[in-house]
Each structure stands twice: as structure tokens, then as C-alpha cells.
Amino acid sequence: MLKIYNTLTQKKEEFKSIVPNKIGMYVCGMTVYDYCHMGHARTMVAFDVIVRYLRASGYEVNYVCNITDIDDKIIHRANENKESFEKLTARFIEALEEDMRALYVLPPSWQPRATAHIEEMQVIINALLEQDIAYLGGNGDVYYDVSTFPHYGALSHRHLDQLQSGIRVEVAEAKRNPLDFVLWKAAKPAEPAWASPWGQGRPGWHIECSAMSMKGLGEHFDIHGGGFDLIFPHHENEIAQSEAANHQTFANYWMHVGFLQINKEKMSKSLGNFFTIRDVLKQYSPEVLRYFILTSHYRSPLNYSEEALENAKTALTRLYIALRDSDCLEEKSEGVDSVWQKRFTEAMDDDFNTSEALAVLFDLAREMNRINVEDKEKASELGQQLKALANILGLLQQPPAVFLKEAILQQAGLDTTQVESLIQQRHEARAAKNWALADQIREELTRLGVVIEDNKAGGTRWR
RNA sequence: GGCUGGGUAGCAGAGUGGUUAUGCCGCGGCCUGCAAAGCCGCUUACGCCGGUUCGAUUCCGGCCCCAGCCUCCA
């Protein structure tokens, strides 16, 4: 039985979908004015694994993840660069997709962009205005009147009065209440703008997610997710808008991914302490990043460090080494009822406990290594199970040789033949019992980053 | 100040009212010409103070500390 922690109720709840065997899921994606950093990677990988697991559990998942391609930061950055905002966002959308592909993040079922749904947003704003839930500020902006929504603060577990006292921003005079948020922003001269009943302008941030989730998933859907920092005010505002407009519950389960930290601080653009995905990929293979992200539970903070990535690399290597001896070439996925499968499922059913699930993979790998000598066939069978389970996490899908060797060759600027020729020389030295020479060659290989493993039969392999 | 999370062995990171997490590192053994890989075994835990209990790291209360949110942020 699948349990999901719901931010709204602050409890793990048994998951029940609105329509049997189908899930509608919305995740707030990126604002595209810069390259994605590792924090973004964490969120996207986390939800990717969640979707993969839900699908593996038999659900048909309609996964919508938006792209915010118009907002203040985009306009600002485009101005800085002296380019159009369209050009800017097109470039970073491409980069985003490249990064996601690299990390084996499966594309969402639908990836809507804000600028393509201005009309849908206006429809909602209009409905809110008609009900006097929204109002026109004197400056041409349209605001949402937070005081009209009785459940405001339910998701972030705050009350309106608490929020008021905590206000530390200058209040826009056009607002009735400092907590009111903008639905439609009047355009300043030379800003990108769309026509509307309230004049030229652009949508506020929150309204886009209401409009696009409604379009893709309907007025009421199963799961809504995002990073922890979106709980307030973004998701709170989405709920207020959507429920006021549709007169019904917006999303049933609210899921939030914890922060990636660096030196115990949140990694973020505002703090300037971030690493972009592409930077990190220069040093570590995408699968290592993915593994690193999955070592901790999605709701816990995860500390980024070089050491942690090195650790991830070694750990993944262990799994691939277990796999390299078994010819687990596809097929034979009948081991469905195995104890491994059961343990894995139990772990994932418990609010997607990936660290526990990884522990199962390691136990499985050990078992493989143990029986590999005496029962190769059985070991291969286990290998298939290992691969199949790992696939749900988006891991271990490369041929072991590729994972184990490619990075080394690239880093050393070598090709296979060069390595093999050295190994052949060492082989000859060993055959002549010239250990000194053999060791000297091995040292040279070590210097290149190549690890040598001799086996009993007299063969040698490397990684 | 209010509201969320969290404090587990050298590090990372799960979990549990009494019995092995897991990975990395370290130590011993097997294997090896020596290594590496693998296997077997071992060492180092549950922030502090009370309470409940036959028994608490696990439940309850208090305290201390850390992170996050209350402004844009995944």
C-alpha cells in the first residue's frame, strides 16, 4: 500500500487516486532565465523517480510540469543582455531540456509554457473579479483579496494574523492588504505585454500554475508538487485562486522536495552558492549525480559536497561491478515475486524511501557476487532483477563496461587499444615472472586512472 | 517573534519499543606473485534532562542546537 506524506495534513497518508489506476500530477518547474543548478536537479530527479515508481506500480500517470517563461527576472535578464525575452527563454529552455536528458529525467507528459496560456489565465482572473475575490488596484494591477479565502494559510500552517505581523516587505500602495498578491501586472513602457480587459500587461506568477494545471489535469487532481520553498506563498496562492474560481478542492496530495544544501545552507541563486548541473557534469557522470540525489529521502535536506559525489561514484561502481559478470541482456523479467522486489516495493511504498530501496540493491548485489562463482546462471537472473529494480530509480541502465571505462578513457585522453596494449605488455612480463616490470606497468596504468584486476584464469581486466 | 523540518556511529544516510540498515573509510581473514575486485568477520551510534515501560535511540514533556519559510527562489 502506497503512502505519501502530504504537506497539507502533515502526515503520511494512504494514497488513493481520484480515478482508479490513473494519476494527475502537477509539478512547478523552472523559471528559465539561467542554467539549472543542482537544487533544480534534485527536485526534477526526485519527481522523476516518483513518476517512474507510480508507473511501475501500475498507474497511468499524467505528469504535467510547466515552464515559467515570463516574469520579472526574465525581463530583467533580457534587458541586461540586450536581447528579447523570447530569445533568452528559448536558449535556457533548450539548456534545461539538455540537462534533464543528461540526468535521465523522463520528459513530462506535458510541459506547458506560461506565455502560451495567457488567455486561460485571464479567464480565471475574470471569474475571480466577478466574484469580488479579485480587485483592480489603482495602478492597473489586478490583485487577489486574500481575506476572502477562509482557508488561506492551510498548506503552510499559518494564520493570516501571523503572516501580517511577519511582513517585512514594502507594501505596494495599490493593495488593500499587504498579503494580497498580483494576478495581472500592468505593463511598464517597453515591457513585454499582452492585451487584457484591464489593459496591457502580463500575468502574475501564481496564476499560470492554476491555469495550466487546470487545462492539463482538470479542476481537481491528485498530486501537486514542487520544492519546499514554494509552499508559501506560491502554492498557498495557487490553492486560493483555483479553489475560489472552481469551487472545489484543487489537489489532494501536496508533495515538497527538501533543499540541496551547501555547507548546511540552502543552495540558491539569491545566495549565489550554487553549482549548475552542467558544471558538475564536467566532473561526474550524470548517473553519479542521480545516485547522489537518491541517497537521501526526498524530503530531507541533502548536503552537496565533493566528498558526497566521490562517495556516490564509488558506490555506483560497486553495483556496476556486480553487474558486469552477468549477461543480463534484457528479457526474463519474471522474477517479479522475488523477496528483493518485495523489499524494494515496501521501501518505495513508504513515501518513496529511496535510501532504503538502494540498500536493497546493494544486498542484491552482494548476493550476486556471492553466488557468481558457483552458479553463474542464477547470478545472471539476480542481475536482471537488479537492473529491473534500478531502472525504477533511473539507474544502472548503461552497459557496465561503459560506466566503468568511459569516464576513465576520456579523462586520461586514451583509447581502449592503448590501455589494452599496456595490459598485454604486463601480461607478458607476468608470464615471464618479471614482477618488477609488471608492477611498473601497473603503476603507469594507475597513474592514468586505470585499475587492473587479474583473475584466476590468468586473464586481466581493467576499469 | 510565528510556522515547518531535523539532530543516528570517522563521513554520508535509512530505520526500529528488546534482534544486521546500506554505502564509503578503518581493522583482521580468505583469495592473489603482489595488488585490485569479491567474499567472511570486526570496531565506532542514536543532542541534553526528566517521564511512561520489565526494557527507549525509537513513545510523552521540557531544554539546547541546526536548517528552512514568513520577499523572488526547486
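Residues numbered from 1 in each chain as written. Chains lettered and ligands numbered in written order. Predicted model: local features only at pLDDT ≥ 70, side-chain atom pairs only at ≥ 80, totals over all residues. Heavy atoms only, no water.

This next bit is on the pairing of strand β2 (residues 11-14). In terms of strand pairing, strand β1 (residues 3-6) meets β2 through four bridges, oriented antiparallel. Residue pairing for β2: lysine 3 is matched across the bridge by glutamate 14. (Pairing = 2+ DSSP bridges. Helix = DSSP H or I, 4+ residues; strand = E, 2+ residues; numbered from the N terminus.)

As a further point, take helix α13 (residues 376-392). Here α13 contains 17 residues, and its C-alpha end-to-end distance of 25 Å stays within 8% of the 24 Å for a straight helix at 1.5 Å per residue. Inspection of α13 places Ala379, Ser380, Leu382, Gly383, Gln384, Gln385, Leu386, Lys387, Leu389, Ala390 and Ile392 among the buried residues, and these make up the whole buried set. Glycine 394 sits one or two residues past α13 and shows a positive phi near 75 degrees. (Expected span 1.5 Å × (residues − 1). Buried < 20%, exposed > 50% of the residue type's maximum accessible area, 1.4 Å probe, protein only.)

This brings us to the sheet that holds strand β10 (residues 251-257). The sheet built from four strands is open, its strands ordered β4-β3-β9-β10 with parallel pairing. With one partner strand each, in any of the chains shown, β4 (60-65) and β10 form the two edges of the open sheet. If you compare each strand with its neighbour and ignore which way they point, the axes differ by 20 degrees on average. In this sheet, β4 lies alongside strand β3 (residues 22-27) in parallel orientation, the contact comprising six bridges. Bridge pairing links lysine 22 to glutamate 60 in β4. (Axes fitted to C-alpha atoms, helices over the stretch in contact; angles between N-to-C directions.)

The next point concerns the sheet that holds strand β12 (residues 265-266). Taken in spatial order, the three strands line up as β12-β11-β13 in an open sheet, and their pairing is mixed. Every interior strand has two partners, whereas the edge strands, β12 and β13 (302-304), have only one. Bridge count between strand β11 (residues 260-262) and β12: two bridges; the pairing is antiparallel. Within the sheet, the bridge partner assigned to glutamine 261 lies in β12 and is lysine 266.

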